[in-house]
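Letter by letter, the chains look like this.
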Amino acid sequence: MNLLVIGTVAFDAIETPFNKIEKITGGSGNYICHSAAHFINDMNLVAVVGDDFDQDELKYLKSKGVNLDGLQIKAGEKSFFWSGRYHLNMNSRDTLATDLNVLANFDPILPESYKQPEMLILGNIDPHLQIKVIEQLENRPQLIAMDTMNFWMDQTPEALDKVLKMVDLLIINDEESRQLSGVSSLVKAASIIKSKGPKYLIIKKGEHGALLFHENRIFFAPALPLEEVYDPTGAGDTFAGGFMGYLAQTNDISFENMKRAIIYGSAMASFCVEKFGPERLKTITNEELQDRVQAFVNLVDFNIEL
Ligand code: AMP
């Protein structure tokens, strides 16, 4: 299945308790494409950058089958910039700066060839833009997934409510699900969030794995215990890209296949955190990915006679 992606393509500055980098490529759309490209080569990206953006990164995405006809490059303008500092647990972080730059006036115009996607992922970006993308489609994709974050819950709650009604699947983290629902129990939060629109919900719990909710079913996938987390930035987007990429590759959006997709998404995310930015995602081999997925299987493989 082909996949349409909207999200940010950005420069990030990142501080962890152990490392620091002033400028590296990032952005939700960028990480999603890097990750999904391991599974499919039929992807369309709609995004915006300034003419300061790294051309090699764009060439790389193109070489992996990401169509950039819908990527606007604004002459004389600066790319979206985000900066964050991680706490000691490497799970939570403070946003130090969000400079919208080109994103402030971004009008996501879909080229004709983008208008009939089989699957759509609305990466973390202003919900007004997520809505604009859906409104330009000529057919409804088989699956519309979206990501968001506290920034948009605070800034644009009405638009967020509107887009939630238009999607099938929301992918957020535990903190965000508590903020969005106003309750602390994740199970209660899940029913409140599902009542806002999405039939499926994935709540990511960082190093504690992820939960998939659908009707009255819940599936839990662990995260791989890693000896070292170098930089968690983009892990959530990488998870989402791997999840959607796997569903698209296998042409199956059933709940059973979503369980497998969560494992693939988690495996991709476990690579992402090994280096700054999307660097590690560029070098993953098929063998490494299969070994990592096997490690997930082994992690939860036990026998109980009942
Ligand atoms: P993640 O760690 O998966 O939440 O994603 C981090 C990426 O999201 C970074 O590369 C940022 O450039 C991007 N990002 C940060 N804040 C925002 C925002 N408000 N809207 C869209 N993308 C953002």
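To keep things clear, this report deals only with the structure shown in the data block. (Residues numbered from 1 in each chain as written. Predicted model: local features only at pLDDT ≥ 70, side-chain atom pairs only at ≥ 80, totals over all residues. Heavy atoms only, no water.)

Broken down by element type, the protein carries ten helices and 13 strands. Radius of gyration (C-alpha) of the protein: 18 Å, near the 19 Å computed for a compact globule of 306 residues. Summarising its shape, the C-alpha atoms of the protein cover approximately 65 × 40 × 35 Å along the three principal directions. Counting only residues that meet the buried cut, the protein has 56% of its 306 residues in that class. Long-range pairs, those at least 24 residues apart, make up 66% of the contacts in the protein with a sequence separation of at least 6. Accessible area of the protein: about 13,500 Å², with a carbon and sulfur share of 47%. Of the side-chain charges in the protein, 28 are positive and 42 negative, and the distance between the mean point of each set is 3 Å. (Helix = DSSP H or I, 4+ residues; strand = E, 2+ residues; numbered from the N terminus. Rg over C-alpha atoms; globule rule 2.2 N^0.38 Å. Buried < 20%, exposed > 50% of the residue type's maximum accessible area, 1.4 Å probe, protein only. Contact = heavy atoms within 4.5 Å. Areas by Shrake-Rupley, 256 points an atom, 1.4 Å probe, with all protein chains shown as cover. Lys, Arg positive; Asp, Glu negative; His and termini not counted. Charge placed at Lys NZ, Arg CZ, Asp CG, Glu CD.)

The next subject is unusual backbone geometry. For Asn 101, which is not a glycine, the phi torsion comes out positive at approximately 45°. A positive phi is found at Glu 215, a non-glycine position, where the angle reads about 45°. One can find Glu 215 in the loop between strand 12 (210–214) and strand 13 (217–221).

Topologically, Lys 259 is positioned in helix 9 (residues 255–272). Given the relative accessible area of 23%, Lys 259 is considered partly exposed. Separated by 39 residues in sequence, Lys 259 and Phe 220 place their C-alpha atoms 8.4 Å apart. Every residue in contact with Lys 259, bar those within four places of it in the chain, is listed here: Leu 212 and Phe 219. A polar atom in the side chain of Lys 259 sits 3.2 Å from the side chain of Glu 256. (Polar contact = N/O pair within 3.5 Å; in protein donor to acceptor, adjacent residues only side chain to side chain.)

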